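Chains, contacts and geometry: an overview
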Amino acid sequence: MLIESALGIISLIAVGMVYETYTSGGFGSPAVAFASGIALMFGTDGTSVNNVIKALLTLAVSVFALTSLDTGTRLSRFMFSELFLKEDEASYKDAKGVRRLLAHPLFGTIFMVVVGCILGGLSLSQIWSLFGAANQLLAGIALMAIAAWLGDAGKNNKMFFIPMIFMLAATLTYLVMTVQKKIAVIGSGAAVWGDWFQFIFAAAMAILAVILVVQGVQTFAAQAKKK
């Protein structure tokens, strides 16, 4: 999270350096804008140093996107397949009937790739705004899970409470504000598919996060009573 925060600050500085060019449509993608902004920190536009850094950073962002896509596809396939397996079934070979087909790795991979292609054909600007909230919400839940595990093991977990509370409070506040904003847009009758998408997923993430937070608080309270 610390590295992500540092990268976020650097990204803001980089975009600020090329803001006018970016807003006027001078770059083909956000990755090029980010690379161009960083490159300007090392050399004037058009110099060899600037061109080399711009090319390397653009390639690095592209590689990061591809590896993230690969990891996301694999993990989503695992989760999709496990939805159709019972607790006593280790793999699709142990399943019966339609569940055997749905839990098959090949079927799950094809299904998730098709879903990814459909999402890829949509406007990413309508989806990307929730990515940061989902990412940081996952970080807060991970901190809560680690704190619960340490507490169950009888070890000190207090160092996780402050960052956990901060991350959960910040992301939940953003999700609630997003839901309120989208309700207003939908109520005005000017909503497009992106507004409905953000409303549904922001509300779902907020509700699920609140459920997990309640369970986490109950877990911490039970651990405190044991002490």
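In this report, we go over the structure that sits alongside the text. (Residues numbered from 1 in each chain as written. Predicted model: local features only at pLDDT ≥ 70, side-chain atom pairs only at ≥ 80, totals over all residues. Heavy atoms only, no water.)

**What about the overall build of the protein chain?**
Applicable threshold: A helix here means a DSSP run of H or I that spans at least four residues, while a strand means a run of E at least two residues long, and both kinds are numbered starting from the N terminus. For a compact globule the rule gives 2.2 Å times the number of residues to the power 0.38, and the radius of gyration it is set against comes from C-alpha atoms.
Looking only at helices and strands, the protein chain features ten helices and zero strands. Ordering the α and β elements of the protein chain from the N terminus gives α-α-α-α-α-α-α-α-α-α. Relative to a compact globule of 227 residues, whose C-alpha radius of gyration would be 17 Å, the protein chain shows 22 Å and is clearly more extended. Seen through its principal axes, the protein chain has C-alpha atoms that stretch 60 × 50 × 45 Å.

**Digging into the packing of helix α8 (residues 131-152) against helix α10 (residues 193-226)**
In plain terms, the rule: Every axis corresponds to a line fitted to the C-alpha atoms, with the helix fit spanning only the stretch in contact, and the corresponding angles, defined between N-to-C directions, vary from 0 to 180 degrees. The labels follow the angle: roughly parallel below 35 degrees, roughly antiparallel above 145, roughly perpendicular from 65 to 115, and oblique for the rest. Put simply, a crossing is left-handed when the front helix is turned counterclockwise from the back one by less than a right angle, and right-handed when it is turned clockwise. Residue contacts are defined here by distance: any two heavy atoms, one from each residue, within 4.5 Å place the two residues in contact. Gly falls in the polar group here, along with every residue not listed as nonpolar (Ala, Val, Leu, Ile, Met, Phe, Trp, Tyr, Cys, Pro) or charged (Asp, Glu, Lys, Arg).
Direction vectors running N to C along α8 and α10 enclose 15 degrees, while the axes themselves pass 10 Å from each other. The angle between the axes of α8 and α10 places the two elements in the roughly parallel class. The two elements α8 and α10 cross, and the hand of that crossing is left-handed. Of the residues in α10, those touching α8 at Ala134, Leu137, Ile141, Met144, Ala147, Ala148, Gly151 and Asp152 are Met205, Ala209, Leu212, Val213, Gly216, Thr219, Phe220 and Gln223. Tallied by class, the residues present in the contact of α8 with α10 amount to eleven nonpolar, four polar and one charged.

**Re helix α3 (residues 30-40)**
For the record, the criterion: We call a residue buried when its accessible area falls under 20% of the maximum for its residue type, exposed when it is over 50%, and partly exposed in between, using a 1.4 Å probe and counting protein chains only.
Here α3 lies mainly inside the structure; eight of its eleven residues are buried. Looking at α3, one finds that the buried residues are Ala31, Ala33, Phe34, Ala35, Ser36, Gly37, Ile38 and Ala39. Next to the buried residues of α3 lie α1 (2-17), α2 (19-23) and α4 (48-82).

**A word on the packing of α1 against α3**
Two elements in contact, α1 and α3, have axes whose closest approach is 8 Å; the angle formed by their N-to-C orientations is 85 degrees. It follows that α1 is roughly perpendicular to α3 by the angle criterion. Mapping the contact onto sequence places Leu7, Ile10, Ser11, Ala14 and Met17 in α1 and Phe34, Gly37, Ile38 and Leu40 in α3. Tallied by class, residues from the contact of α1 with α3 come to seven nonpolar, two polar and no charged.

**Brief notes about a nonpolar patch on the surface**
To keep things clear, this is the line we draw: A patch consists of residues exposed above 30% relative accessible area that lack any salt bridge, with like charges linked at up to 9 Å and nonpolar side chains (Val, Leu, Ile, Met, Phe, Trp, Tyr) linked at up to 5 Å. Here the Shrake-Rupley method, with its probe set to 1.4 Å, supplies the accessible areas, and only the displayed protein chains count as covering residues. The rule for a salt bridge is simple: a side-chain nitrogen of Lys or Arg has to be within 4 Å of a carboxyl oxygen of Asp or Glu.
On the surface, Ile9, Ile10, Ile13, Met17, Leu40, Met41, Phe42 and Val49 cluster together to form a nonpolar patch covering roughly 710 Å² of accessible area. The element best represented in the nonpolar patch is α1, accounting for four residues. Secondary-structure assignment places leucine 40 in helix α3. On the accessibility criterion, leucine 40 (30% relative accessible area) is partly exposed.

**Thoughts on the packing of aromatic side chains**
Stated formally: What counts as a ring pair is set by centres within 6.5 Å for rings of Phe, Tyr and Trp (its six-membered ring), and what kind of pair is set by the plane angle: stacked under 30 degrees, edge-to-face over 60, tilted for all other angles.
Across all of its chains, the model carries five aromatic pairs by this definition. Clustering of aromatic rings is evident, with ring pairs tying together Phe80, Phe84, Phe107 and Phe111.

**What to know about the environment of alanine 95**
Considering the arrangement of structural elements, one finds alanine 95 in the loop between α4 and α5 (98-102). By relative accessible area, which is 1% here, alanine 95 ends up buried. Distance from alanine 95 to glutamine 198, taken between C-alpha atoms, is 35 Å for residues 103 residues apart in sequence. Not counting chain neighbours up to four residues away, the residues in contact with alanine 95 comprise Leu85, Glu89 and Arg100.

**Overview of the environment of isoleucine 110**
Relative to the elements of secondary structure, isoleucine 110 occurs in helix α6 (residues 105-120). Isoleucine 110 gets classed as partly exposed once you look at its relative accessible area, which sits at 48%. Separated by 95 residues in sequence, isoleucine 110 and methionine 205 place their C-alpha atoms 26 Å apart.

**Focus on the environment of aspartate 45**
Residue position: aspartate 45 is located in the loop between α3 and α4. The contacts of aspartate 45, once residues within four sequence positions are left out, are Leu40, Asn50 and Lys54.

**Quick word on the nonpolar core**
Heads up, the condition is: Take the buried residues of types Ala, Val, Leu, Ile, Met, Phe, Trp, Tyr and Cys, join any two whose side-chain atoms come within 4.5 Å, and each joined set is a nonpolar core.
Grouped together as the largest cluster of nonpolar side chains are 23 residues, with contacts concentrated most on Leu130, Leu137, Met164, Leu175 and Phe220. Taken together, the elements giving at least two residues each to this core come down to α8, α9 (161-188) and α10. Tallying contributions element by element places α8 first for this core, with eight residues. Setting aside chain neighbours within four positions, we find leucine 137 in contact with Leu168, Thr171, Leu175, Met205 and Ala209. Of all hydrophobic cores here, the second largest spans five residues; its members include Ala14, Ile38, Ala39 and Ile53.

Shape is all these values report; function is a separate question.
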